[in-house]
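A look at the structure
The chain contents come next:
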Amino acid sequence: MQDISKRFAKLSAEFGYVISPSEDFLNSCGYYQMRLKHIDNAIGIFAENVKQHPNSFNAYDSLGEAYMNAGNKQMAIRNYKKSIELNPHNDGGKQMLKKLSKP
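Figured I'd write up the structure that's included with this text. (Residues numbered from 1 in each chain as written. Predicted model: local features only at pLDDT ≥ 70, side-chain atom pairs only at ≥ 80, totals over all residues. Heavy atoms only, no water.)

**As for the overall build of the chain**
Scanning the chain from terminus to terminus reveals six helices and zero strands. Along the chain, helices (α) and strands (β) appear in the sequence α-α-α-α-α-α when read from the amino end. The contacts in the chain between residues at least 6 apart in sequence include a share of 40% that link residues at least 24 apart. Element-wise, carbon and sulfur atoms account for 52% of the exposed surface of the chain, whose accessible area totals about 6,500 Å². (Helix = DSSP H or I, 4+ residues; strand = E, 2+ residues; numbered from the N terminus. Contact = heavy atoms within 4.5 Å. Areas by Shrake-Rupley, 256 points an atom, 1.4 Å probe, with all protein chains shown as cover.)

Rendered as structure tokens:
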């Protein structure tokens, strides 16, 4: 995430106003890191996405998925619950929550 932050800080300085990465950009970067099996990097990127876009159910859903892949069931459940709270129609999140809630 630090490289992304540095790049956008540099762009902001060059253009004279703040340029922030979009939700979709951060989500794509996070999934790229997950495909590379860099789960901790993915979690950092998705966490930044949640920070920058706190009303996005998709940002929380992605962070939940990354925590699930990391084996952190508690944090996965927390983020899927928040995703569903923001979007009660998030059927994928509901399915993952059911899966994670099974003993």
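**Points about the packing of aromatic side chains**
On inspection of all chains with the given rule, the structure shows three aromatic pairs. Aromatic pair Tyr 31 and Phe 46: ring centres 5.1 Å apart, planes at 65 degrees, arrangement edge-to-face. Residue Tyr 31 is found in helix H2 (residues 23-35), and its partner Phe 46 is found in helix H3 (residues 39-52); the two are separated by 15 residues along the sequence. Residue classification places Phe 46 among the buried positions, given a relative accessible area of 0%. Just above the ring of Tyr 60 sits the side chain of Lys 82; from NZ or CZ to the centre is 5.9 Å. (Phe/Tyr/Trp six-rings, centres within 6.5 Å; stacked < 30°, edge-to-face > 60°. Buried < 20%, exposed > 50% of the residue type's maximum accessible area, 1.4 Å probe, protein only. Lys NZ or Arg CZ within 6 Å of the ring centre and 35° of its normal.)

**Here we look at H3**
When the terminal C-alpha atoms of H3 are compared, their 20 Å separation across 14 residues agrees well with the 20 Å that a helix rising 1.5 Å per residue should span. Those residues of H3 that sit buried are Ile 39, Ala 42, Ile 43, Ile 45, Phe 46, Glu 48, Asn 49 and Val 50. (Expected span 1.5 Å × (residues − 1).)

**Notes on the pattern of salt bridges**
In total, this model carries one salt bridge according to the counting rule given. The closest approach of N and O atoms between Glu 85 and Lys 82, which form a salt bridge, is 3.2 Å. Taken together, the residues Glu 85 and Lys 82, both in helix H5 (residues 73-86) and three residues apart, mark about one turn of the helix. You can call Glu 85 exposed: its relative accessible area is 56%. (Salt bridge = Lys/Arg side-chain N within 4 Å of Asp/Glu carboxyl O.)

Don't take any of this as a statement about function, it's just geometry.
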